[in-house]
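# Commentary on secondary and tertiary structure
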Amino acid sequence: MVLSEKVNQLMEWASKRSVIRMNGDKFRRLVKAPPRNYSVIVMFTALQPHRQCVVCKQADEEYQILANSWRYSSAFTNKIFFAMVDFDEGSDVFQMLNMNSAPTFINFPAKGKPKRGDTYELQVRGFAAEQLARWVADRTDVNIRVIRPPNYAGPLMLGLLLAVIGGLVYLRGSNLDFLYNKTGWAFAALCFVLAMTSGQMWNHIRGPPYAHKNPHTGQVNYIHGSSQAQFVAETHIVLLFNGGVTLGMVLLHEAATSDMDVGKRKIMCIAGIGLVVVFFSWLLSVFKSKYHGYPYRYVFF
């Protein structure tokens, strides 16, 4: 195919679908074979249900948002196209590129072959559309403003919360002492702190996968092996461990300050020490698995 035919064909497909689905023949003709004066961002994935690739589905949603943001922007040109190769539709492409994992994002530049930086570091950056857009800008000089479809879940939840608070105030208008309950406010603040220190905001910004399944062994990893990234499951684990340590500290404080009999205070003290020792040891084991070479451990693990 001559260059003009390639561009016209891609523009025709892009006008119908922001992400162009490709099989082996289309990939070789329009992406691999010269001439080419356009870049193609290709997501190699496995979306068929029997593949059971949860991360592929999540990454596909973000990829579609990025491609739609480019397709319907005023800056849209034929300088860059977004495509997808599903394993069940183009297994020969996976074999040709010696690729054995999905999802994988690769930029095929307008000139030359892909370099090391043209493969997206999914485990480090996550698959959020905003992160993909930054990578695309670095590799192609095309800046894409990500526009997400409206999400009404946040306003609805906020409205429900305000309705519940308003209902409580209305029902207990004559007695608002519960608003001055220190225990309630302390518990709410503690939940917020535990959520933030476990990395929930990082998940919201980066959009990492929940976990990682090794395609060769089938083993599922819930803790990321690098200190520069994390899985969603990892934040839940750290949240649980931090909560266990905190509960142990609370029990130790109550054992030292409460007016209960000595026997109950001793039981509370032993339980608090046990929680701190066990959960803090588990927390350190997670730390050691991410910061290789860390020489210390706490009691066990």
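Predicted model, so just to flag it, every value in this text is computed and none were measured.

### Overview of the UniProt feature "transmembrane region" (unreviewed entry) in the protein chain
The UniProt record marks residues 152-171, 183-202, 237-255 and 267-287 with the feature "transmembrane region" (unreviewed entry), using the residue numbering of this structure. Helix makes up 100% of residues 237-255 and strand 0%, whereas the separation of the span's terminal C-alpha atoms amounts to 27 Å.

### So, the domain arrangement of the protein chain
Domain annotation for the protein chain reports domain 1 (3-140) and domain 2 (179-290). Measuring from the centre of the C-alpha atoms in domain 1 to the corresponding centre in domain 2 gives 39 Å. Between domain 1 and domain 2, the contact holds twelve residues from the first and 16 residues from the second. Interface area, domain 1 with domain 2, both sides summed: about 970 Å², of which 50% is carbon and sulfur. Among the residues domain 1 hides against domain 2, the three largest losses belong to N100, Q123 and V124. Together they make up 46% of the total. Mapped onto the side of domain 1 that touches domain 2, the elements with two or more residues apiece are α3 (54-71) and α5 (122-125). Here the side of domain 1 that touches domain 2 is built from residues that sort into four nonpolar, seven polar and one charged.

The rules behind the values
- Residues numbered from 1 in each chain as written.
- Predicted model: local features only at pLDDT ≥ 70, side-chain atom pairs only at ≥ 80, totals over all residues.
- Heavy atoms only, no water.
- UniProt positions renumbered as here; feature names shortened; annotations may be inferred.
- Helix = DSSP H or I, 4+ residues; strand = E, 2+ residues; numbered from the N terminus.
- Domains from an automatic or database assignment.
- Contact = heavy atoms within 4.5 Å.
- Buried area = accessible area lost by both parts, 1.4 Å probe.
- Nonpolar A, V, L, I, M, F, W, Y, C, P; charged D, E, K, R; others polar.

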